[in-house]
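Now for the letters of each chain:
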Amino acid sequence: MSVAENSFEAAWLKERDEYFSGLTAEIKALRDEGVFKGKRIAILGCWQNAAAVKDVIESLDLKVDHIADNSPAKQGEIRLGLVAQSVESLRSIENIVVLALNNTYWRELRLQLAGLGLAEGNNFFVLFGGESFKIKSGFYAEQELLAPDSWREICENARSGWQAYNDILAEYPGLPIWLMHQPSIGDLYIFSLFLPHAMGKNKVSDCDCVLIVSKGSTKRLAEAIGYKNIVLVSFEQAHMELLSLARLMGDKLNLRNAVYHGLNNIFQSLVWNTEVSFRDSFTKYVFHFEDEVAPIFPELPGREDVVAGLFSALSLTPGQTVLISPYAGHFNPAITIEQWTKLVAGLVQKGYDVCTNCGGPNEPPLPGTKDARIDLRDSVLFAEKAGFFLGIRSGFCDIVCTAQCRKIVIYETGAPAASIDYFGFEKMDIVHDIEELINDCINTDDLIERIIDSFPTLTTGKSGQ
Amino acid sequence: MENEFESCLEMAQAGKDHLESLYVKYKPKQSERMAVLLFPERREDFLNSAYKYLGDYLAKGGFDSALIVNSIGLDHEYMQGLTGKPLFIIDASEAEMEQLLRFASLAFMEVKTMALSNPFNQRAAGLVGFKDITMDRLVYYAIYGIIGDMEANT
């Protein structure tokens, strides 16, 4: 098996692009047929991708008027500036067209909408994002339990996974193998807090195991945390091949899933419907601890000279710098660039230096801030030297959660990937010195003002940057 | 070691063939949808919850009927009385169930396994009693995967 350089992002983005291109074409076709004329448009089943769907619809000079969801927890929340409503309530809206956009639950949604008296092809449409996604959703497989092509693909993937597994075994004989197919630094970090307990060790670097990751950033974090044996595989190898193998014969392998999803939907359903937290997904489902255990925090090997050099190069003042992390890997935060700019201006006015944690080419520095490309292993040290950390809930927040500085984390109502109920540090009982704020997406301007007000004006006579 | 992989694949193939032959035999019409469930779990409290929400699962999933393959000696008459939909209940041996589970582990979206510890990656037994996870909630949301508020719908 060749350990190729990270291609995960490219593969994921390609699939995403293909889906949204297909969706654009589907909605455009409906628009050109006059389906939306004089009608109110509701979207359903796409909570996580709602913002991107809205962009597609608006690009066609249409407007999203309603967003609906079956989860009572989401109803009443603000998403895309709209109050999310129940699916049943769509029945009472005149001149409605509902777009059902969920390739997993499309059958249930279709049935539900028909049950409300809405007519498919007139009042509602089930869209898949193109023919290939329609096939994958099982749309054409109604006559069989499993389409022959699907079964063939599963078997081929499992066979490729078997070869990959044996290659790793040959390189690391006798060691347990953890498959971290989720390309998130946050997942890896929280997993790592509890792995030593599972392996009877005091720290990650003492754990004799192999960690398979599927993204370059995850590999870099794994190195920083102290994993001794790290294997970087492609998106396809992780998500198609190794997971298929694990599904087929995980009970006979030295291969373990490092996250709660990928082999079934058991824990995912509980995430949506019970009080379980992100931490529980590891302690209760991945590791099956009977009793609660305390997290063992890794010490990231921060480089004093590198961090000092960065501060000097960016003209940042230690103890008077706010490190902002405005990006998150799995959702588009609702704080606008104008709101961020206002926040930055407010901090600068009070005498602070402000820098943005820029993790990649699609993460430019916020206007008025310095571009701080911080190596993950230096992140805690950098935050401590800065004195202040302010971030949208993301994996980066997990990594700096132990930094000895003022830390503010912003969660977002209606964003599952930034839910305080699931990802809250207090809720997870991970650390207790983080100020956790919630952006309800209605009063964001007030939130920005409150954050600015909470920073005392510096008396060093700095005039800003 | 190669034999182990081929052996598992053969088992999964055998499970698939078995289940599909039943599916083709019992699926009433082209346009109708039939749920496929495996019942290998004998734990009584689990089964009570499974029986309780079988009707909800079929109704909310839009299924017209269900193919239920079991290795625990299900009471056919009792099961038929649980929902208003036709249920095709098939008894399987432990060996046959092993093959079916090996297939169901791969096809977990198409085949519902009504068990806490089967297939091997289900790993749900330890969740009962944790926080607000009752057996009912575990079965309703996690095992059946029913969408919507359990308390509102039952």
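On a predicted model such as this, the values are computed, not experimentally measured, just so you know.

**Considering the overall build of chain A**
- Looking only at helices and strands, chain A has 17 helices and 16 strands in total.
- Relative to the compact-globule value of 23 Å for 465 residues, chain A shows a C-alpha radius of gyration of 24 Å, a close match.
- With respect to the principal axes defined by its C-alpha atoms, chain A has extents near 65 × 55 × 40 Å.
- Within chain A, the proportion of its 465 residues that are buried is 56%.
- Within the structure as shown, chain A displays about 19,000 Å² of accessible surface, and the carbon and sulfur contribution to it stands at 49%.
- Side-chain charges in chain A split into 42 positive and 61 negative, and the spacing between the mean points of these groups amounts to 1 Å.

**Overview of the overall build of chain B**
- Within chain B, the regular secondary structure consists of 6 helices and 4 strands.
- In terms of overall dimensions, chain B has a C-alpha envelope of 50 × 40 × 25 Å along the principal axes.
- Evaluated residue by residue, chain B yields a buried proportion of 55% over its 154 residues.
- Partitioning the intrachain contacts of chain B with sequence separation of at least 6 by distance along the chain shows that 61% fall at a separation of at least 24.
- Working note: accessible area of chain B is about 6,400 Å², and carbon and sulfur atoms make up 48% of it.

**Describing the pattern of salt bridges**
Residues and elements named next belong to chain A.
- By the definition in use, this model includes 27 salt bridges over all chains.
- One salt bridge in this structure joins Arg-279 and Glu-292, with 3.2 Å as the shortest N-O distance. Taken together, the positions of Arg-279 in helix α10 (residues 278-286) and Glu-292 in the loop between α10 and α11 (304-313) put the pair 13 residues apart, joining distant regions of the chain.
- Here Arg-303 ties to Asp-375 by a salt bridge, and the two come within 3.7 Å at their closest N and O atoms. In this pair, Arg-303 is assigned in the loop between α10 and α11 and Asp-375 in the loop between β13 (370-372) and α13 (379-386), connecting sequence segments 72 residues apart.
- Among the ionic contacts, a cluster of salt bridges with common partners joins Arg-303, Asp-375, Arg-377 and Asp-378.

**Considerations on the sheet that holds strand β7 (residues 177-180) of chain A**
All names here are of chain A.
- In space, the 4 strands of this open sheet follow the order β9-β8-β7-β10, with parallel pairing throughout. The open sheet has two free edges, formed respectively by β9 (229-232) and β10 (255-257), since each of these has just one partner strand. The mean inter-strand angle of the sheet, taken between neighbouring strand axes irrespective of direction, is 25 degrees.
- Here 3 bridges tie β7 to β10, and the two strands are oriented parallel to one another.

**Some points on the sheet that holds strand β11 (residues 321-325) of chain A**
Residue and element names in this part refer to chain A.
- Read across the sheet, 6 strands follow the order β13-β12-β11-β14-β15-β16 without closing on themselves; strand pairing throughout is parallel. With one partner strand each, in any of the chains shown, β13 and β16 (434-439) form the two edges of the open sheet. Put simply, the sheet's adjacent strands are angled 25 degrees from each other on average, direction ignored.
- Across 5 bridges, the pairing between β11 and strand β14 (residues 387-392) is parallel. Bridge pairing in β14 places Leu-323 opposite Phe-389.
- Each of β14, β15 (406-412) and β16 is contacted by helix α17 (residues 444-454), which is oriented at about 155 degrees to β16, the strand it contacts most.

**Some thoughts on the packing of aromatic side chains**
Residues and elements named next belong to chain A.
- Applying the stated criterion to the full structure yields 28 aromatic pairs over all chains.
- For the ring pair Tyr-352 and Phe-388, a centre distance of 5.3 Å and an interplane angle of 90 degrees mean the geometry is edge-to-face. In this pair, Tyr-352 is assigned in the loop between α12 (337-349) and β12 (353-357) and Phe-388 in strand β14, connecting sequence segments 36 residues apart. Of the two residues examined, Tyr-352 and Phe-388, each falls in the buried class.
- Linked through ring pairs, Trp-178, Phe-191, Phe-278, Phe-282, Phe-287, Phe-289, Tyr-422 and Phe-423 together constitute an aromatic cluster.
- A cation sits over an aromatic face here: Arg-79 above Trp-47, 5.5 Å from the ring centre.
- The ring centre of Phe-311 lies 5.7 Å from the NZ or CZ of Lys-385, which sits over that ring.

**Considering the packing of helix α9 (residues 266-273) of chain A against helix α5 (residues 135-143) of chain B**
- Following both chains from N to C, one finds α9(A) and α5(B) inclined at 110 degrees, their axes separated by 8 Å at the closest point. Our classification of the angle between α9(A) and α5(B) gives roughly perpendicular. In the crossing of α9(A) with α5(B), the sense of the turn from one axis to the other is right-handed. Across the interface between the two elements, A:Ile266, A:Ser269, A:Leu270 and A:Asn273 from α9(A) touch B:Arg137, B:Leu138, B:Tyr141, B:Ala142 and B:Ile143 from α5(B).
- Residues belonging to the contact of α9(A) with α5(B) are distributed by class as follows: 6 nonpolar, 2 polar and 1 charged.

**Structural notes on helix α4 (residues 94-106) of chain B**
- Helix length check: α4(B), at 13 residues, gives a terminal C-alpha distance of 19 Å against a target of 18 Å (1.5 Å per residue), a fit within 8%.
- Within α4(B) the residues assigned to the buried category are B:Met97, B:Leu100, B:Leu101, B:Arg102, B:Phe103, B:Ala104, B:Ser105 and B:Leu106.
- Buried positions along α4(B) lie against α5 (148-171) and α8 (235-249) of chain A together with α1 (2-26), β1 (34-39), β2 (65-70) and β4 (112-113) of chain B.

**Some words on the interface of chain A and chain B**
- With 49 residues of chain A at the interface, the matching set in chain B holds 50 residues.
- Across the chain A/chain B interface, buried area totals approximately 4,500 Å², and carbon plus sulfur atoms make up 66% of it.
- For chain A, the biggest contributors to the area lost against chain B are A:Leu145, A:Trp151 and A:Leu248; these three give 18% of the whole.
- Remark: the boundary between chain A and chain B carries 3 salt bridges.
- As a salt-bridge pair, B:Lys131 and A:Asp280 come within 2.6 Å of each other at their nearest N and O atoms.
- Connecting chain A to chain B are 16 residue pairs in polar contact (both at pLDDT 80 or more).
- For the side of chain A that touches chain B, the elements supplying multiple residues, two or more each, are α3 (106-115), α5, α8, α9 and α10 of chain A.
- Considering every element that reaches the side of chain A that touches chain B, the biggest residue donor is α5(A), with 8 residues.

**Overview of the state of the cysteines**
Residue and element names in this part refer to chain A.
- Enumeration according to the criterion identifies 0 disulfides over all chains in this entry.
- Here Cys-207 is not disulfide-linked; the sulfur of Cys-209 is the nearest cysteine sulfur, at 5.5 Å.
- Residue classification places Cys-207 among the buried positions, given a relative accessible area of 2%.
- The closest cysteine sulfur to the non-disulfide-bonded Cys-355 is located on Cys-358, 8.6 Å from its own sulfur.
- Overall, the relative accessible area of 0% leaves Cys-355 in the buried class.

Calculation rules
Residues numbered from 1 in each chain as written. Chains lettered and ligands numbered in written order. Predicted model: local features only at pLDDT ≥ 70, side-chain atom pairs only at ≥ 80, totals over all residues. Heavy atoms only, no water. Helix = DSSP H or I, 4+ residues; strand = E, 2+ residues; numbered from the N terminus. Rg over C-alpha atoms; globule rule 2.2 N^0.38 Å. Buried < 20%, exposed > 50% of the residue type's maximum accessible area, 1.4 Å probe, protein only. Areas by Shrake-Rupley, 256 points an atom, 1.4 Å probe, with all protein chains shown as cover. Lys, Arg positive; Asp, Glu negative; His and termini not counted. Charge placed at Lys NZ, Arg CZ, Asp CG, Glu CD. Contact = heavy atoms within 4.5 Å. Salt bridge = Lys/Arg side-chain N within 4 Å of Asp/Glu carboxyl O. Pairing = 2+ DSSP bridges. Axes fitted to C-alpha atoms, helices over the stretch in contact; angles between N-to-C directions. Phe/Tyr/Trp six-rings, centres within 6.5 Å; stacked < 30°, edge-to-face > 60°. Lys NZ or Arg CZ within 6 Å of the ring centre and 35° of its normal. Parallel < 35°, antiparallel > 145°, perpendicular 65-115°, else oblique. Left-handed = near helix turned anticlockwise from the far one by under 90°. Nonpolar A, V, L, I, M, F, W, Y, C, P; charged D, E, K, R; others polar. Expected span 1.5 Å × (residues − 1). Buried area = accessible area lost by both parts, 1.4 Å probe. Polar contact = N/O pair within 3.5 Å; in protein donor to acceptor, adjacent residues only side chain to side chain. Disulfide = S-S within 2.5 Å.

It is worth stressing that arrangement in space is one thing and function is another; only the former is reported here.
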